[in-house]
Amino acid sequence: MAARTQRRSPLAVQLLLLLAEEPMHAYRMQQLIRARHKDRIVNIAQRNSVYQTLDRLLRAELIEVADRVRAPGRPERTVYRLTDTGRGTLDGWLREMLSTPAREFPEFPVALAALAHLTPELAAEYLEERAHRLRARLRQAESDAEQAEGMGLPRMFVLEDEYQQALTETELRWVKGLVDELRSGSLTWDREWLDAVSARLGPPETDTDDGTATP
């Protein structure tokens, strides 16, 4: 039977990947996501996020209930397994995710588009703070890489970390360059200049039905 929905999410993909290994219950999935540091690439900050996603996958018939188990002194836990439909859907999702850049809407470009709302001095201050945090993220990434190498972890299992580190390094270089331009004054603005640009780039005047011009 075809799945009722194929709405993809990073967490849904991660859960299907875990169930492709073996049937397991939700708590085990949460443990593995944290132990393998996959909580850096999927959001499980909300306590019920795993359970809600599993419920959606169950209704879509991408997974099914394999068993219900109860350990002494613990609540009953539902064990899930991947269906044939789920396996095919997972393969299709991975193909699309790897081959086609997603149209995503992160926050940072939105803030950059609104930079003129601030003064150049304040924008530089905020961006310097971002650069500081990016440096801290890189230090953590370098430490993690050293730890992985010390454990003899194959590169196959840290590719997402390499990618995130490369993005962070690129962003840090760009942000530092932007801060330098703001501090030197080579990139600057004030209200008079912004008003002039708005007037020049604004939409042209159009005539209304009664023949009067409107801005």
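About the cut-offs
Residues numbered from 1 in each chain as written. Predicted model: local features only at pLDDT ≥ 70, side-chain atom pairs only at ≥ 80, totals over all residues. Heavy atoms only, no water. Core = buried A, V, L, I, M, F, W, Y, C linked by side-chain atoms within 4.5 Å. Buried < 20%, exposed > 50% of the residue type's maximum accessible area, 1.4 Å probe, protein only. Helix = DSSP H or I, 4+ residues; strand = E, 2+ residues; numbered from the N terminus. Contact = heavy atoms within 4.5 Å. UniProt positions renumbered as here; feature names shortened; annotations may be inferred. Phe/Tyr/Trp six-rings, centres within 6.5 Å; stacked < 30°, edge-to-face > 60°. Lys NZ or Arg CZ within 6 Å of the ring centre and 35° of its normal. Arc of directions from axis to C-beta. Salt bridge = Lys/Arg side-chain N within 4 Å of Asp/Glu carboxyl O. Polar contact = N/O pair within 3.5 Å; in protein donor to acceptor, adjacent residues only side chain to side chain. Patch = residues over 30% accessible without salt bridge, like charges linked within 9 Å, V, L, I, M, F, W, Y side chains within 5 Å. Areas by Shrake-Rupley, 256 points an atom, 1.4 Å probe, with all protein chains shown as cover. Pairing = 2+ DSSP bridges.

1. A short note on the nonpolar core
- If you look at the biggest cluster of nonpolar residues, it comprises 24 residues, and the most contacted ones within it are L15, L16, M29, L54 and I63.
- Looking at this core, the elements with two or more residues in it are α1 (10–21), α2 (26–35), α3 (49–59), β3 (77–82) and α4 (84–99).
- A per-element tally of this core places α1 first, with seven residues.
- Every residue in contact with L16, bar those within four places of it in the chain, is listed here: L57, L62, I63, L82, G86, L90 and W93.

2. Here's the deal with the environment of D180
- Here D180 lies in helix α7 (residues 159–184).
- A residue is classified by how much of its surface remains accessible, and D180, at 54% relative accessible area, is exposed.

3. Some words on the UniProt feature "coiled-coil region" (unreviewed entry) in the protein
- Here, the residues flagged by UniProt with the feature "coiled-coil region" (unreviewed entry) are residues 124–151.
- The span residues 124–151 shows a helical share of 96% and a strand share of 0%, and its end C-alpha atoms are spaced 40 Å apart.

4. Description of the packing of aromatic side chains
- Per the stated rule, a full pass over the model turns up zero aromatic pairs.
- The ring of F108 has R130 lying over it, and the distance from NZ or CZ to the ring centre is 3.6 Å.

5. Considering α2
- Every buried residue of α2 is accounted for by A26, M29, Q30, L32 and I33. For α2, the angular spread of buried residues about the axis comes to 165°, placing them on one side.
- Close packing links the buried residues of α2 with α1, β1 (24–25), α3 and β3.
- Remark: H37 follows α2 within two positions and exhibits a positive phi of approximately 65°.

6. Description of the pattern of salt bridges
- A full pass over the atoms with the stated rule returns 11 salt bridges.
- Residues E129 and R133 are paired through a salt bridge, measuring 2.8 Å at the closest nitrogen-oxygen approach. Taken together, the positions of E129 and R133, both in helix α6 (residues 120–150) and four residues apart, correspond to about one turn of that helix.
- What makes R133 exposed here is its relative accessible area of 56%.
- Of the charged contacts, one joins R130 and E171 as a salt bridge, the two residues approaching to 2.6 Å between their closest N and O atoms. With R130 in helix α6 and E171 in helix α7, this residue pair connects regions lying 41 residues apart in the sequence.

7. Here's the deal with the side chain of T78
- Looking at the element boundaries, T78 is found in strand β3.
- By relative accessible area, T78 is classed as buried at 19%.
- A polar side-chain atom of T78 sits 2.8 Å from a polar atom in the side chain of R68.

8. Considerations on unusual backbone geometry
- Phi at H37 takes a positive value of approximately 65°, unusual for a residue other than glycine.
- Within the fold, H37 resides in the loop between α2 and α3.
- Judged by relative accessible area, which is 40%, H37 ranks as partly exposed.
- A positive phi angle, close to 65°, is found at E61, a residue other than glycine.

9. Overview of a nonpolar patch on the surface
- A cluster of nonpolar side chains, M151, L153, M156, F157 and L159, forms an exposed patch at the surface whose accessible area comes to about 540 Å².
- Position of M156 among the secondary structure elements: in the loop between α6 and α7.

10. Thoughts on the pairing of β3
- Two strands pair when backbone bridges link them, and β1 and β3 are joined in this way by two bridges, in the antiparallel orientation. Across the sheet, residue H25 finds its bridge partner in β3, namely V79.
- Here strand β2 (residues 63–69) runs beside β3; their pairing, made up of six bridges, is antiparallel. Counterpart to I63 in the pairing with β3 is L82.

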